[in-house]
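Per-entry structural report
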Amino acid sequence: WYQRRVHGIGRMRRVVIVAAKRTPIGKSMGVLSEVPAQKLASIAMAGTLNSIKFPAKDLDEVIFGNVISAGLGQHPVKQAALGAKIPETVNCMLVNRICGSGLISMIVGAQSIMTGYRNTVLCGGFESMSRVPHSVYIRKGMTGHSKLNDELIEGLTDAASGDIMGLCTERVAKRLNITREDMDNIAIRSYENSIKAKKDKHLEKEIVEVPIKGGVSKEDEEILKFDKEKMKKLKSAFMQNGTITAANASKISDGAQGILLMAEDVAKERNITPLARIIAFEEASTAPGDFTIGAIHAAQKCLKKANLTVKDICYNELNEAFSILPILGQK
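Here's a quick rundown of the structure. Since this is a predicted model, take the numbers as computed values, not measurements.

Looking at the overall build of the protein chain
A count of helical and extended segments in the protein chain gives eleven helices and eleven strands. With the C-alpha coordinates aligned to their principal axes, the bounding extent of the protein chain is approximately 60 × 55 × 45 Å. By residue count, 42% of the 331 residues in the protein chain fall in the buried class. In the protein chain, once contacts between residues fewer than 6 apart in sequence are set aside, the share between residues at least 24 apart is 77%.

Focus on unusual backbone geometry
At Asn271, a residue that is not glycine, the phi angle is positive and equals roughly 55°. Secondary-structure assignment places Asn271 in the loop between helix 9 (264-269) and strand 11 (276-278).

Re helix 2 (residues 37-50)
Taking 1.5 Å of rise per residue, the 14 residues of helix 2 would be expected to cover 20 Å, and the 20 Å separating its terminal C-alpha atoms lies within 8% of that figure. Counting buried positions along helix 2 yields twelve of 14 residues, so the element is predominantly enclosed. What helix 2 keeps buried is the set Ala37, Gln38, Leu40, Ala41, Ser42, Ile43, Ala44, Met45, Ala46, Gly47, Thr48 and Leu49. Tucked inside the fold, the buried residues of helix 2 contact strand 1 (15-22), strand 3 (61-65), helix 3 (76-83), strand 5 (120-128), strand 8 (210-212) and strand 10 (253-263).

Let's talk about the packing of helix 2 against helix 3
Two elements in contact, helix 2 and helix 3, have axes whose closest approach is 8 Å; the angle formed by their N-to-C orientations is 50°. In terms of axis orientation, helix 2 runs oblique to helix 3. Every pair of crossing elements has a handedness; the one defined by helix 2 and helix 3 is right-handed. Here Gln38, Ala41, Ser42 and Met45 of helix 2 come into contact with helix 3, specifically with Pro76, Val77, Gln79, Ala80, Ala81 and Gly83. Of the residues belonging to the contact of helix 2 with helix 3, the class tally is six nonpolar, four polar and no charged.

Brief notes about the layout of surface pockets
In this structure, the second largest pocket spans a volume of roughly 220 Å³. Taken together, Lys198, Lys201, Leu203, Glu204, Ile207, Lys218, Glu219, Asp220 and Ile223 make up the full set of residues lining the second largest pocket. Class assignment of the residues belonging to the lining of the second largest pocket gives a composition of three nonpolar, no polar and six charged.

About the criteria used
- Within each chain, residue numbers correspond to sequence positions counted from 1 in written order.
- With pLDDT at 70 or above as the cut-off, local features in this predicted model cover only qualifying residues; side-chain atom pairs require 80 or more to be listed or tallied, and sums for whole chains, interfaces and linings still use all residues.
- Neither water nor hydrogens contribute to the side-chain values; these are computed over all heavy atoms in the structure.
- Comment: elements are numbered from the N terminus, with helices defined as DSSP H or I runs of at least four residues and strands as E runs of at least two.
- Residue exposure (1.4 Å probe, protein chains only): buried if accessible area is under 20% of the type maximum, exposed if over 50%, otherwise partly exposed.
- Whether two residues are in contact is decided by their heavy atoms: any pair within 4.5 Å suffices.
- Residue count minus one, scaled by 1.5 Å, sets the expected span of a helix.
- Here an axis means a line fitted to C-alpha atoms, over the contact stretch when the element is a helix, while the angle between two N-to-C directions is reported on a 0 to 180 degree scale.
- Orientation categories follow fixed angle ranges, with anything under 35 degrees roughly parallel, anything over 145 roughly antiparallel, 65 to 115 roughly perpendicular, and all other angles oblique.
- Left-handed describes a crossing whose near helix is turned anticlockwise from the far helix by less than a right angle; the clockwise case is right-handed.
- For this scheme, ten residues count as nonpolar: Ala, Val, Leu, Ile, Met, Phe, Trp, Tyr, Cys and Pro. Four count as charged, namely Asp, Glu, Lys and Arg, and the remainder, Gly too, count as polar.
- Using a grid of 1 Å spacing that covers the protein atoms alone, one calls a set of points a cavity when a 1.4 Å probe fits there but cannot get out, and a pocket when the set is open and has protein on both sides within 12 Å along at least five of seven lines; lining residues are those with an atom within 4 Å of a point.
- Grid points are joined across faces, edges and corners, and a volume is the space filled by probe spheres set on the points.

Written out as structure tokens, the structure is:
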């Protein structure tokens, strides 16, 4: 009804990206480990809005993804928004779909703009894996010993099988004949690309500084540790003679990122030049242990929805939760 009345039957608004900023990415227990997740999100939110001098009062909604919210208190996105000086009258939403949480925030935001429900939505994701707490259940009272649960491990474990995500990925790699060498080669290329981008100063324009004790953090921390030869000699992390190591796996990291979505007609009215337009998006579900395959299915569905083929795409970027995903994408 709303779509028919406002935009006409079958007509959907175009959605554009008009701004994007992120914090540096800190390594586990590194320079950002003392900064609360909500603060990281606040910095990303404010940095995104300030980059185009967009008034926070004109936002319709803030939608951010977060995976492990233990210890963050009530409504962490609202906390972060208030910390970014976004008015309390602006709606806020937390999204949790594990690794895809930040992207899902964009999908939800884009859908609300496409249907005319919103005009401008600030999306993104935030995480402080270094600050994830341990927990213990003693509400009923207790005698004797109690057990502390690591909420970080809890959040990275497949609840259906009880296996940590790295072990799930090892099983997929074995089934699809993907080798340790394959995994290392992709990880090495990723590190080298990141180092080159830093050297060429491509990353500076997207990073907003984070105040820390004794100064500021303004560069990604993990890539500074890269050692190509050492990477090849590391032991496997999840099973004997496995393919995944501490170097070619996803990292325990801290950081946040924001993206400002806007209806294309609103951007024109405000004389804002878009960075990009959202053409299509898709999702795909698999058995929990096969989560690494889901992104490939989603990409295939997205191309079909957009009436495109792989040959039409000039540049592909694949989430590298484990090195297996870009390998599957290439296949």
